[in-house]
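Examining the three-dimensional arrangement
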Amino acid sequence: GWAGWKTYVGRPEADGRRYQALEALSIALSQWSHPEEALPVLEANLASTCRHWSHSGERWLNAHTILANCFANVGRNDEALVLHRAIYAKIVATLGVSHEHAIQSGANLAISLFKEELFKEGKSLMCDELLPAARRLLGFNHCITLLLDTNLAVALFEDPEHTRDDLLEAK
């Protein structure tokens, strides 16, 4: 958190320890404090990542994912959705849909779609891509697969245009 940031703030912006301290602070603020206060830190972290570590796909993904999740936590779901789409597209292009990171990123995207009431698109993503890949790669009883099943069931129930078949599928 703040102690780590204060220790490394004087280092050059491209210093790896400074980056890690800023990332740790941004995670701590977004998850454990007030996410509204975390947004400027997260945006600074993202800007620094893009300037100095654009070659590092992992750092790019981490910075974008943390910011997208914070947007969702403060109710800025439309901005979260834009970022989750970009993150998922980049991971799928790099690793393919049948990779655990792609499945987790796709789950974040599906949740964003459901929050924006884009139920048809979210259901398609879940049923056509994510759940088959999760069941094949991780198994039916893996926590990620179970989380996907649960989120799909909730979304099918909440969809105002759900059908009887949707509810049976959710069950």
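Here we summarise the structure given alongside this text.

Next up on the list: the overall build of the chain. Secondary structure summary: the chain contains 9 helices and 0 strands in total. Listing the helices and strands of the chain from first to last along the sequence gives α-α-α-α-α-α-α-α-α. Expressed as a percentage of contacts within the chain between residues at least 6 apart in sequence, the contacts between residues at least 24 apart total 50%. Total accessible area on the chain is roughly 9400 Å²; 54% of this is exposed by carbon and sulfur atoms.

Spanning 16 residues, helix α8 (residues 143–158) covers 22 Å between terminal C-alpha atoms, matching the ideal 22 Å at 1.5 Å per step. Among the residues making up α8, those that are buried are Ile-144, Thr-145, Leu-148, Asn-151, Leu-152, Ala-153, Ala-155 and Leu-156.

For the structure on display, the rule yields 3 salt bridges. Notably, a salt bridge pairs Arg-85 with Glu-121, separated by 2.5 Å at the nearest N-O pair. In this pair, Arg-85 is assigned in helix α5 (residues 77–95) and Glu-121 in helix α7 (residues 119–137), connecting sequence segments 36 residues apart. Note on Arg-85: relative accessible area 34%, which makes it partly exposed. A salt bridge links Asp-149 to Arg-135, with the nearest nitrogen and oxygen atoms 2.8 Å apart. Of the two residues, Asp-149 sits in helix α8 while Arg-135 sits in helix α7, which places them 14 residues apart along the sequence.

Let us look at the nonpolar core. Leu-39, Leu-42, Leu-67, Phe-71, Leu-83 and Ile-87 are the most contacted members of the largest nonpolar core, which has 22 residues in total. Counting only elements with at least two residues in this core, the list comes to α2 (16–32), α3 (35–52), α4 (57–73) and α5. Take this core: its biggest share by element is 9 residues, from α4. Filtering out sequence-adjacent residues up to four positions away, Leu-39 remains in contact with Leu-67, Cys-70, Phe-71, Val-74 and Arg-76. In terms of nonpolar packing, the next biggest core, distinct from the first, is built from 21 residues, Leu-109, Leu-113, Phe-114 and Leu-152 among them.

What follows deals with the environment of Ala-21. Relative to the elements of secondary structure, Ala-21 occurs in helix α2. On the accessibility criterion, Ala-21 (7% relative accessible area) is buried. Sequence separation of Ala-21 and Asn-45 is 24 residues, and the distance between their C-alpha atoms is 9.9 Å.

Between the first and last C-alpha of α7 there are 25 Å, a value that for 19 residues agrees with the 27 Å anticipated at 1.5 Å per step. Of all bends in α7, the biggest is about 40 degrees, found at Met-126. Among the residues of α7, Phe-119, Gly-122, Leu-125, Met-126, Leu-130, Leu-131, Ala-133 and Ala-134 are the ones counted as buried. Those residues of α7 that are buried lie in contact with α5, α6 (100–115) and α8.

So, about a negative patch on the surface. Where like charges cluster on the molecular surface, the negative patch consists of Asp-78, Glu-116, Glu-117 and Glu-158. With respect to the secondary-structure elements, Glu-117 resides in the loop between α6 and α7. Residue class for Glu-117 comes out exposed when judged on its relative accessible area of 59%.

Basis of the calculations
- Residues numbered from 1 in each chain as written.
- Predicted model: local features only at pLDDT ≥ 70, side-chain atom pairs only at ≥ 80, totals over all residues.
- Heavy atoms only, no water.
- Helix = DSSP H or I, 4+ residues; strand = E, 2+ residues; numbered from the N terminus.
- Contact = heavy atoms within 4.5 Å.
- Areas by Shrake-Rupley, 256 points an atom, 1.4 Å probe, with all protein chains shown as cover.
- Expected span 1.5 Å × (residues − 1).
- Buried < 20%, exposed > 50% of the residue type's maximum accessible area, 1.4 Å probe, protein only.
- Salt bridge = Lys/Arg side-chain N within 4 Å of Asp/Glu carboxyl O.
- Core = buried A, V, L, I, M, F, W, Y, C linked by side-chain atoms within 4.5 Å.
- Bend = angle between axes of the 7 residues up to and from the residue.
- Patch = residues over 30% accessible without salt bridge, like charges linked within 9 Å, V, L, I, M, F, W, Y side chains within 5 Å.
- Lys, Arg positive; Asp, Glu negative; His and termini not counted.
- Charge placed at Lys NZ, Arg CZ, Asp CG, Glu CD.

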